[in-house]
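Analysis of the macromolecular model
Take a look at the letters that make up each chain.
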Amino acid sequence: MRTLRPLQALGLSATAEAVYLTLVERGPQTPAELSGRPASAGAPLEGIEEAVAELGDIGLVTRTDGRLTAQPPRAVLEAVAEQRAHQARIAYESATALSRYWLDHTVGAGYVEVVDTSERRGEIQSRVHNGAVSQVRALSIGPVGGGDRMPEVGPGTLDALDRGIAYRVVYSANILQDPKALEVAHRCVARGEQARVFPDVALNVLVCDDRFAVVSVAAPNRTGHHSVVVQPSGLLDGLIGVFESYWQIAVPLPPAGEAVKSEATPEGRQLLSYLSTGLTDESIARELGVSERTVARRIARLQEMLGAKTRFQLGVQASRRGWL
């Protein structure tokens, strides 16, 4: 029994698909011959002419001297795919144009949509992961469980990573104290996500390309959950800017299995205090009674400890951790 239904997947009828497959298997046939297929080939086909018209409209069947002939499918269906891709682009451009018209002719912030997601929290996030074309940027308060919910990968995230969507995520540093939430983050990193950590992430945000963002918030009475969908606007630009600011000063998420170093030595704190006052390596070396090379090596060790690529990041992270 056939399980392949490629033409039905494209919107053609079951009869049209059966007619095409029969013509491929048996060669040219008349409509009458197709209608009288033996029982071994399935029930007699009904609506032959309608099915032939469906196939003829896209070029899969031609009629010569009353006989129907199946045509090679690749070139025909590639043309269909190209046509549908063109239609999809037109639909997207039309949606963009109509959205602008809507915003120009409606009262209030039409670029903001509040969605009650108390019962279906994952659905609005799926719109981001499934709809992304090139990248997703995210801020995550984390741990992502909350209450009795276990931390879990957002629906559609792994599929999006597998199809090559670039992910950059800044997690709040308390994820480092939650082994299950940290495990979830490392699963995503293993699939290609770039992850960083910052001590005080203020809100949960998902940005789908530059097209829209989803901000997750608790309902005012704390009994429900809402998501705010932000369409192209100054507010969306601002949210993207907030993410990029966090990304610049956040530090890489420690690799799986690596212990998180959270304390500075007294020597390290002293070195950081000298750096914060603007002293040069030469001056610090003189104060500590060591060589400039030793100072540079100790600074590099501190940067490695905090995952800071620059001395500016080192100062920011040290201050956030209360080392200064």
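Remember, predicted model here, so these are calculated numbers, not experimental data. Here, residues in each chain are numbered from 1, in the same order as that chain's written sequence. Per-residue local features are limited, in this predicted model, to residues with pLDDT of at least 70; the limit for side-chain atom pairs, both in listing and counting, is 80 or more; totals at the level of whole chains, interfaces and linings are taken over all residues. For side-chain calculations, the full set of non-hydrogen atoms in the structure is used, while hydrogens and water are omitted.

Details of helix α9 (residues 234-249)
Over its 16 residues, α9 extends 23 Å from the first C-alpha to the last, a length consistent with the 22 Å expected when each residue adds 1.5 Å. We call a residue buried when its accessible area falls under 20% of the maximum for its residue type, exposed when it is over 50%, and partly exposed in between, using a 1.4 Å probe and counting protein chains only. By the criteria applied, helices consist of DSSP H or I runs no shorter than four residues and strands consist of E runs no shorter than two, each listed in order from the N terminus. Among all positions of α9, only L236, L239, I240, F243, Y246 and W247 are buried. Taken end-on, α9 shows its buried residues confined to a sector of 120°, consistent with a single buried face. Residues of α9 that are exposed and point more than 90 degrees away from the buried face comprise G234 and D237. Expected span, for any helix, means 1.5 Å times one less than how many residues it has. It is the directions from the helix axis to the C-beta atoms whose arc is reported.

As for the pairing of strand β5 (residues 166-172)
Burial analysis of β5 places six of its seven residues in the buried class, the great majority of the element. Two strands qualify as a pair provided that DSSP identifies no fewer than 2 bridges between them. Here strand β4 (residues 135-140) runs beside β5; their pairing, made up of six bridges, is parallel. Each residue of the ladder has a partner; that of R137, found in β5, is R168. Inspection of the sheet shows β5 paired to strand β6 (residues 194-198) by five bridges, in the parallel sense. Across the sheet, residue R168 finds its bridge partner in β6, namely Q194. Handedness rule for crossovers: strands pointing away from the viewer, path from the first strand over the helix to the second running clockwise, crossover right-handed. After leaving β5, the chain enters helix α8 (residues 179-190) and then returns to the sheet as β6, a path that is right-handed.

Thoughts on the packing of helix α10 (residues 266-276) against helix α11 (residues 281-288)
A pair of packed helices is captured by two measures, namely the crossing angle of their axes and the spacing between those axes. To obtain an axis, a line is fitted to C-alpha atoms, over the contacting stretch when the element is a helix, and the angle between two such axes runs from 0 to 180 degrees between their N-to-C directions. α11 packs onto α10 with a crossing angle of 140° between their chain directions and a minimal axis gap of 10 Å. The angle between α10 and α11 places the two elements in the oblique class. Crossing angle aside, the handedness with which α10 passes α11 is right-handed. Listed contacts from α11 to Q270, L271, Y274 and L275 of α10 are I284, E287 and L288. Looking at side-chain class alone, the contact of α10 with α11 contains five nonpolar, one polar and one charged residues. Oblique is the label for every angle not falling under 35 degrees (roughly parallel), over 145 degrees (roughly antiparallel), or within 65 to 115 degrees (roughly perpendicular). The crossing is said to be left-handed when, going from far helix to near helix, the turn is anticlockwise and less than a right angle, and right-handed when the turn is clockwise. Residue contacts are defined here by distance: any two heavy atoms, one from each residue, within 4.5 Å place the two residues in contact. When residues are grouped by polarity, Ala, Val, Leu, Ile, Met, Phe, Trp, Tyr, Cys and Pro land in nonpolar, Asp, Glu, Lys and Arg in charged, and all others, Gly among them, in polar.

Topic: the side chain of S126
With respect to the helices, strands and loops of the structure, S126 is situated in helix α6 (residues 121-131). Apart from the residues within four sequence positions on either side, S126 is in contact with G131 and P155.

Details of the pairing of strand β1 (residues 61-64)
Two strands pair when backbone bridges link them, and β1 and strand β2 (residues 67-70) are joined in this way by four bridges, in the antiparallel orientation. If you follow V61 over to β2, its bridge partner there is A70. Linking β1 to β2, which pair antiparallel, is a turn of two residues; within it D65 sits at a positive phi near 55°.

Side note on the pattern of salt bridges
One speaks of a salt bridge when a side-chain nitrogen belonging to Lys or Arg is within 4 Å of a carboxyl oxygen belonging to Asp or Glu. Following the criterion strictly, the structure yields nine salt bridges and no others. With a closest N to O distance of 2.7 Å, D162 and R191 form a salt bridge. Residue D162 is located in helix α7 (residues 157-162), and its partner R191 is located in the loop between α8 and β6; the two are separated by 29 residues in the primary sequence. The exposure class assigned to D162 is partly exposed, which follows from its relative accessible area of 49%. Notably, a salt bridge pairs E282 with R286, separated by 4.0 Å at the nearest N-O pair.

Topic: the side chain of H186
Turning to its location among the elements, H186 is positioned in helix α8. Note on H186: relative accessible area 16%, which makes it buried. Those residues in contact with H186, other than ones at most four positions away along the chain, are L253, P254, P255 and A256.

As for the nonpolar core
V128, V136, V214 and L253 are the most contacted members of the largest nonpolar core, which has 30 residues in total. Listed by contribution, the elements that provide at least two residues to this core are α6, β4, α7, β5, α8, β6, β7 (204-208) and β8 (212-218). In terms of residues, this core owes the most to one element, α8, which gives five residues. Excluding residues within four positions of it along the chain, V128 makes contact with V136, L206, V207, C208, F212 and V214. Think of a nonpolar core as a cluster: buried Ala, Val, Leu, Ile, Met, Phe, Trp, Tyr and Cys residues, connected wherever their side-chain atoms sit within 4.5 Å.

So, the environment of E282
With respect to the helices and strands, the residue E282 is situated in helix α11. Taking relative accessible area as the criterion, E282 reaches 48% and is therefore assigned partly exposed. Along the sequence, E282 and A296 sit 14 residues apart, while their C-alpha atoms lie 9.8 Å from each other.

Quick notes on unusual backbone geometry
Of note in the backbone geometry, D65 takes a positive phi value of approximately 55° without being a glycine. With respect to the helices and strands, the residue D65 is situated in the loop between β1 and β2. A relative accessible area of 77% means that D65 is categorised as exposed. Even without being glycine, D209 reaches a positive phi, approximately 50°. Mapped onto the elements, D209 comes out in the loop between β7 and β8. When its relative accessible area of 6% is taken as the criterion, D209 is described as buried.

Structural notes on the packing of α10 against helix α12 (residues 292-306)
Two elements in contact, α10 and α12, have axes separated by 11 Å at closest approach and are oriented at 100°. Looking at the two axes, α10 sits roughly perpendicular to α12. Here α10 contributes G268, L271, L272 and L275 to the contact with α12, which in turn contributes V295, R298, I299 and L302. The class makeup of the residues in the contact of α10 with α12 is six nonpolar, one polar and one charged.

Fair warning: the whole summary comes from geometry, so function is off the table for now.
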